[in-house]
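# Observations on the model geometry
In case you want the letters, here they are:
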Amino acid sequence: AWYILSHINLIEKQRETKGPPNGQVDLEVEKKEIKTETSNDGSGNNNANSSSPGSTSLGATSKSPTGPAEDQQTLLAVLQFLKRNKLNESVDILRREAGLSVEIDDSPGSASGGAGSGGASNSTVDGGDTNSLLSRVSIAIPAAPAVTAAPVPPKVTASGGEDQPDVNVVLSAYSQQGDPDLYPLYYNGLKKFIESVLDCHRAELSQVFYPLFVHMYLELVYNNHEVEAKQFFEKFSGDQECYYAEDLRILSGMTKKEHMKGNETMLDFRTSKFVLRISRDSYQLLKRHLQERQNNQIWNIIQEHLYIDIFDGMPRSKSQIDAMSGSLAGEAKRDANKTKVFYGLLKEPEIEVPLDDEDEEAENEEGKPKKKKPKKDSMGSKSKKQDPNAPQQTRIPLPELKDSDKLDKIMNMKEAAKKIRLGSDNLPSICFYTFLNAYQGLTAVDITDDSSLIAGGFADSTVRVWSVTPKKLRRVKSAADLSNIDKESDDVLERIMDEKTASESKILYGHSGPVYGISFSPDRNYLLSSSEDGTVRLWSLQTFTCLVGYKGHNYPVWDTQFSPYGYYFVSGGHDRVARLWATDHYQPLRMFAGHLADVTCTRFHPNSNYVATGSADRTIRLWDVLNGNCVRILTGHKGPIHSLAFSPNGKFMASGATDGRVLLWDIGHGLMIGELKGHTDTIYALRFSRDGEILASGSMDNTVKLWDTLKAFDDVELDDFTAATGHIHLPENSQELLLGSYTTKSTPVIHLHFTRRNLLLAAGAYNP
Amino acid sequence: MHSIMVVGMADREERRFAEVPRESVKLMSESAGVELSDELAALLAEDVCYRLREATQSSSQFMRHAKRRKLTVEDFNRALRWSNVEAIAGYGAQDALPFRPIKEGELFFVEDREINLVELALATNIPKGCAETMVRVNVSYLDGKGNLEPQGTVPSAVQTLSEDLLKYYQQVTRAILGEDPHLMKVALLDLQSNSKMAALLPYFVYVISGVKSVSHDLEQLNRLLHMVKSLVQNPYLYLGSYVRSLVSSVMYCILEPLAASINPLNDHWTLRDYAALLLSHIFWTHGDLVSGLYHQILLSLQKVLSDPVRPLCSHYGAVVGLHALGWKAVERVLYPHLPAYWSNLQAVLDDYSVSNAQVKADGHKVYGAILVAVERLLKMKALSLSLPAERGFGAQPGSGGVAGFRVSSPGLSPPPEPLSEAALGIASHLQGPGGAGTPWEDWTPVPLPAMYCELYSFFGDSLAVRLSTGPSLGGCPPSPPGPAANPDTARKMPQLTANLNVSPRQDGSPRPEPAPPSLAATRRNSSSRPGQRSVGPSRDVFPKARFPPPQAGPPAFSFLIGGRQTGRRCQGRRFQTSFSPAPPPSSAPPRTYAHKLPVIGRVGKPLRRWTCSHYSLHLPL
């Protein structure tokens, strides 16, 4: 049944392959128009008039910079058109008149994929030029902002990795020739212009610099102007925002056309359009300038490689822009975050009263029934009233509760009753679990929800599990021994355990590479581990053996996590795809593709209907488990994201990155609502307290910091306008929100956990 | 096997990454038997650079996900493997590979020593420290307030010392600081070779840092310094950050006006000399750990030297300290400072009042130390000028002390230079392109003749005499028949210094009392007279320098030296005067002289015949 639900990505893939035929259609339309254009050729740059961004693709083609070459192209296109319509006579005549040699149009088309929809091989006339025409045209269409662009099909790197058939097509977009010496002039001209505009527009227009710079540089490199490219880079790389330094370093190393092939960063930049949000006024200003100057080079790049998301209203300030930019492909398009997200929690299952009552009676003797009563009532009332923001209870099928789960739930509730209410004046105690002698290199840690087990993944491929309670870890007896057990006895669960194997810790061998991600199942029966060897393994904590190895990612798997309801789990890795699995299927149920770089961390939403992934492309995406759609794209981090956490009420999310900043997000609106500055190194661990009042963050800089999230969420005023535009003004209040900073003894913090009573547990390896 | 890779930095402002020059590519291709054209090599080199950068970038991902700050070989190998490139075999070790420069030419290489598997297999020093990985929990912060344990204590991993270690620690410290000299010797020896006491290192370092509290007790200070020496020499110990603490303790002994020095009968001079030797030794063997300190130490030495308020014994310490850090340190700190310092010293030396006697005696000590340092500077500088190319010293790679030292500390791997240039080697390493920062960038070296001129103006003939004495006084050396020939002698100089120099020996003495075997001794004793047979380096430079008019009456100083000695021996002065105009033909007097000078101010303490003052003053010869 799961398979039927959808492999939406496959469909999307198909759509991707359908791309070229679309382009073909456009080409035909276009040629007809070109014909008309050639007739009134004298008024050459009518593209200036057809400026409305929503106009047809005509503008894009006729804007080629140089005259003669374009004429030739036009001619060729016409020829092609004639030929397709079997007007051979006219073809001959035209050709004779134009003095074109015959062989040109007979050269077989090469790069345009499955272009020949009609089986005709003449879709391409001349190798390079027409190709570029093709790809330019087909790409230029969604570029026009007024067209409701179909979501750009997410790029799924072929699992083989090496074969990327579209590389040439992608690159050929750069093959247009401009005078390399003019590039700095163009750029400088634009720079001067932007520096001269009004302050309110300058910040917005400055956004154009970085993508322009990159594309111009790549164009120079692609066309083998190595020296000019270097000069260009030296001259203008200093102007770029500091948070692009990482990408610039990669770019600076790329000086040859050959380097561009196979460089993933470069390909990402090419395949995805850099998204900018610019107010209408600023955009008009820019367009007018470029058209006045006839600065086609830059205009082409803007048309082809940039997606300018125009909004009406006040231009944004520099700080507003800076807060949102920084990702590999610019900001998220506004309509990317419009889908409704059901962020509410699922109704708590009704737990049989008798069990609960028994417990209560036991408690009664201690005379604490009053405390529990209201608690239970509140639970009951919560479950009665369906949260309007919650998804349907059965939106995705969830496993049924087993008896043991119910017991655990009761335990949980009992513990929760003793929970300490945290707040700015009541901070949690912190216990630190230090891994000593971890010369194998501790790479991942997880702690069970009830804080009874702790597991570590190590660089030497092992997974180690420790019991942190006096209860030792025991294995189930062998099959032969089990058959001798009286299955009717009351303590059968005790009897099946092999007392001889009791020990404080167990080592799980099976991976063949460092274990980067680790996660306990909610019922503590299983453990997941993801590793550099490309597999995710499921381990039984009853037998301490490996049950399944999930192969799907063919590259290192950076993170994995169980759903809060068990059964499902998510994994993400170097192949840029996050996958949703169910423990009893050896193939993934969903593939979440769309990130432009490695998926570095994966987290389930508390209601299990969504999955959040953080990536090295510096964006966070939220995916709908039901249909595999990407429902949120959150930009603002300036470095790869290494930690994510949902608030317990499901409404908010926190993310931490290598830039040392924690960002807070409102999931419902898809908005950044807070920025917590203070850490000086990568944040590897984030966790909300059980009631969500406090956020704990742990970092490589050997500190745990506590933040007042209650205040952070309260301070945000969300009126309709900001909600609609997403242009929030972030309060600069990190210092007020920071409740405490606690240093360890040269121990990087790589995991944080709040116990059910709100005691904060932190873990890391002592690093002398 | 990996060949040496030459990595040059192409124009810095243009590129921020290392490049492989095409010469390296050609070299490698040649070693594989392929001839490449320049053009092809350049292209290849460029591509290799790009691929390397790409691999480095992707390898950093593995580092980040392993939650480390240090990129390991394994990370790089993984990146290679995932991009379908053959991984590098044999370099999977966790610890960093030593990346060494060779000071001639900008050559850098990864040290790739051969490992004797038999030795490795039979080695009994398998590290015992690898305890089982475990998880410990401690309540760090209660209710978000306060740390229950004070910060900066010894980490808990170390606190759990086993019973045996504790006992060992107690016995060793008791033995070293106790009364029985024999016991002390045994304990020091064990400290120097024990492979299982890494966990105790912080404790020993702590004990040693107690020098400040026993500054009145020369004997204790001495023992603590010996402890430092043993720790430094222990090949199984990784000193890590503790080396700083050790260095600061040693510096304390060198520079501080110790309480013990109030009593003129206390031979704190020897202690300072020994401490200086130790400092040099630390820099020599642990250069990688302390390279960051070099500059800092130079500065503090300079500060002491330029502080006229400090007692002369501190100044003495500063001078021997500089001397221990190598002639370059002398050149850069002491030499420029000399004119200023000179006037102060002269005032002290010229005061013949009785009340000044003690201070004057101290002044002579300082004078002697400066003289020695400066002479070595001249000698080494001349040497470095005259034979820049002949650093190889292929002649005597395995001479006693050197070999012994190498064996004793395999992990420290001295570069293939003669030990005589220990300090020099480090200094140049620091100043070289690969070193940790190049200090003193605005410093320009003074040309040798000018330097000699100036020094001569201070020291007069005592300087000249000593310089030419070294290699060429005395009778004709019988063994090398043609030392007069230019190239020959030129090559001999370094040999001489190499052997003469004091390699820190294993037995704890900086240098055996009789000057190291055969060659050195004979050479020194049997060197010819000055002028008759001028030696390569000095011949070029010194004759010229000899003639500039000495401005200050230099002979007076040489007198004073002699006079100082007469304070104890009653004949130095006469000897000195008779010596300078016409050196006596017999070889004996100069030799005794050479021996005597270092003995300046040594109170009879036969126990340490090899003491440093002796040693350090020997060096320039």
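Going by the structure above, here's the rest.
Quick look at the structure, then. Fair warning: this is a prediction, and the values are worked out from it, not measured in the lab. (Residues numbered from 1 in each chain as written. Chains lettered and ligands numbered in written order. Predicted model: local features only at pLDDT ≥ 70, side-chain atom pairs only at ≥ 80, totals over all residues. Heavy atoms only, no water.)

## Points about the packing of helix H10 (residues 242-255) of chain B against helix H12 (residues 287-305) of chain B
Residues and elements named next belong to chain B. Note the following rule: Lines fitted to C-alpha atoms define the axes here, with helix axes fitted over just the stretch in contact, and angles between the N-to-C directions of these axes take values from 0 to 180 degrees. Secondary structure elements are defined from DSSP: runs of H or I of at least 4 residues count as helices, runs of E of at least 2 residues count as strands, and each element is numbered from the N terminus. Throughout, the term roughly parallel applies to angles under 35 degrees, roughly antiparallel to angles over 145, roughly perpendicular to angles from 65 to 115, and oblique to all others. Left-handed describes a crossing in which the near helix is turned anticlockwise from the far one by less than a right angle; the clockwise case is right-handed. Contact definition: two residues touch when any of their heavy atoms are within 4.5 Å.
Two elements in contact, H10 and H12, have axes separated by 11 Å at closest approach and are oriented at 20 degrees. Relative to H12, the element H10 is oriented roughly parallel. Note that H10 runs across H12; the crossing there is right-handed. Residues Val243, Arg244, Val247, Met251 and Leu255 of H10 pack against Leu289, Val290, Leu293, Gln296, Ile297, Ser300, Leu301 and Val304 of H12.

## Things to note about the interface of chain B and chain A
Accessible area lost upon the coming together of the parts serves often as the stated size of an interface. Where we set the bar: Buried area is calculated as the accessible area (1.4 Å probe) missing from two parts once they are joined, with the contributions of both summed. In what follows, salt bridge is the name for a side-chain nitrogen of Lys or Arg lying within 4 Å of a carboxyl oxygen of Asp or Glu. Two N or O atoms count as a polar contact when they lie within 3.5 Å, although within protein this holds only if one can serve as hydrogen donor and the other as acceptor, and sequence-adjacent residues are included solely when both atoms are side-chain atoms. Any residue outside Ala, Val, Leu, Ile, Met, Phe, Trp, Tyr, Cys, Pro, Asp, Glu, Lys and Arg is labelled polar, Gly included; the first ten of those are nonpolar and the last four are charged.
Listed per partner, the contact involves 46 residues of chain B and 60 residues of chain A. The contact between chain B and chain A buries some 4,700 Å² in all, and 50% of this surface belongs to carbon and sulfur atoms. Summed over the three residues of chain B that lose the most area to chain A, namely His65, Lys67 and Trp82 of chain B, the buried surface amounts to 16% of that side. Where chain B meets chain A, there are four salt bridges. Here arginine 81 of chain B and glutamate 532 of chain A are joined by a salt bridge, their closest N and O atoms 3.3 Å apart. Between chain B and chain A we count eleven residue pairs in polar contact (both at pLDDT 80 or more) in total. Elements with a minimum of two residues in the side of chain B that touches chain A: helix H2 (38-65), helix H3 (73-82) and strand S3 (134-142) of chain B. With twelve residues, H2 of chain B is the single largest residue contributor to the side of chain B that touches chain A. Residue composition of the side of chain B that touches chain A, by class: 17 nonpolar, eleven polar and 18 charged.

## A look at the sheet that holds strand S12 (residues 535-540) of chain A
All names here are of chain A. Stated formally: In this scheme, strands are said to pair when DSSP sees at least two bridges between them.
Across the sheet, four strands lie side by side as S10-S11-S12-S13; this open sheet has antiparallel pairing. Two strands close off the open sheet at either side, each with one partner strand: strand S10 (515-520) and strand S13 (545-551). Between one strand and the next, the sheet's axes are offset by a mean angle of 20 degrees, whatever the strand orientation. As defined by bridge partners, S10 adjoins strand S11 (residues 526-531) across five bridges and the pair is classed as antiparallel. Bridge pairing in S11 links phenylalanine 520 to leucine 527.

## Quick word on unusual backbone geometry
Residue and element names in this part refer to chain A. Rules: A simple rule labels every residue: compare its accessible area, found with a 1.4 Å probe on the protein chains alone, to the largest value its type can have, and call it buried under 20%, exposed over 50%, or partly exposed in between.
Of note in this structure, tyrosine 567 is not a glycine but carries a positive phi near 70 degrees. Mapped onto the fold, tyrosine 567 is located in the loop between strand S14 (557-562) and strand S15 (568-573). Positive phi values are uncommon outside glycine, yet arginine 576 reaches one of about 70 degrees. For arginine 576, the location among the structural elements is in the loop between S15 and strand S16 (577-582). Under the relative-accessibility criterion, arginine 576 is labelled buried at 6%.

## Considerations on the packing of aromatic side chains
Operational definition: Aromatic rings from Phe, Tyr and Trp, taking only the six-membered ring of Trp, are treated as a pair when their centres fall within 6.5 Å; an angle between ring planes under 30 degrees marks them as stacked, one over 60 as edge-to-face, and anything in between as tilted. Criterion for a charge above a ring: Lys NZ or Arg CZ within 6 Å of the ring centre, and within 35 degrees of the ring normal.
Tallied over the full model, the rule gives 31 aromatic pairs over all chains. A centroid spacing of 5.8 Å and a plane angle of 70 degrees characterise the contact between phenylalanine 283 of chain B and tyrosine 294 of chain B, whose relative ring orientation is edge-to-face. With a gap of eleven residues between them, phenylalanine 283 of chain B in helix H11 (residues 268-285) and tyrosine 294 of chain B in helix H12 connect regions that are remote in the sequence. Residue phenylalanine 283 of chain B shares its accessibility class with tyrosine 294 of chain B, and that shared class is buried. Here the aromatic residues Tyr187, Phe209, Phe213, Tyr217, Phe232, Phe233 and Phe236 of chain A are joined through ring pairs into a cluster of three or more. Against the face of tyrosine 307 of chain A rests lysine 333 of chain A, its NZ or CZ located 4.5 Å from the ring centre. When the ring centre of phenylalanine 458 of chain A is taken as origin, the NZ or CZ atom of arginine 464 of chain A, which lies over that ring, is 5.2 Å away.

## Focus on the environment of histidine 642 of chain A
If you trace the backbone, histidine 642 of chain A turns up in strand S22 (residues 641-646). In this structure, the C-alpha to C-alpha distance between histidine 642 of chain A and threonine 602 of chain A, residues 40 residues apart in sequence, is 9.2 Å. Ignoring any residue separated from it by four or fewer positions in sequence, one finds histidine 642 of chain A in contact with Thr600, Cys601, Gly656, Ala657, Thr658, Thr682, Ile683 and Tyr684 of chain A together with Arg64 and His65 of chain B. One polar contact links histidine 642 of chain A to arginine 64 of chain B, side chain to side chain, over a distance of 3.5 Å.

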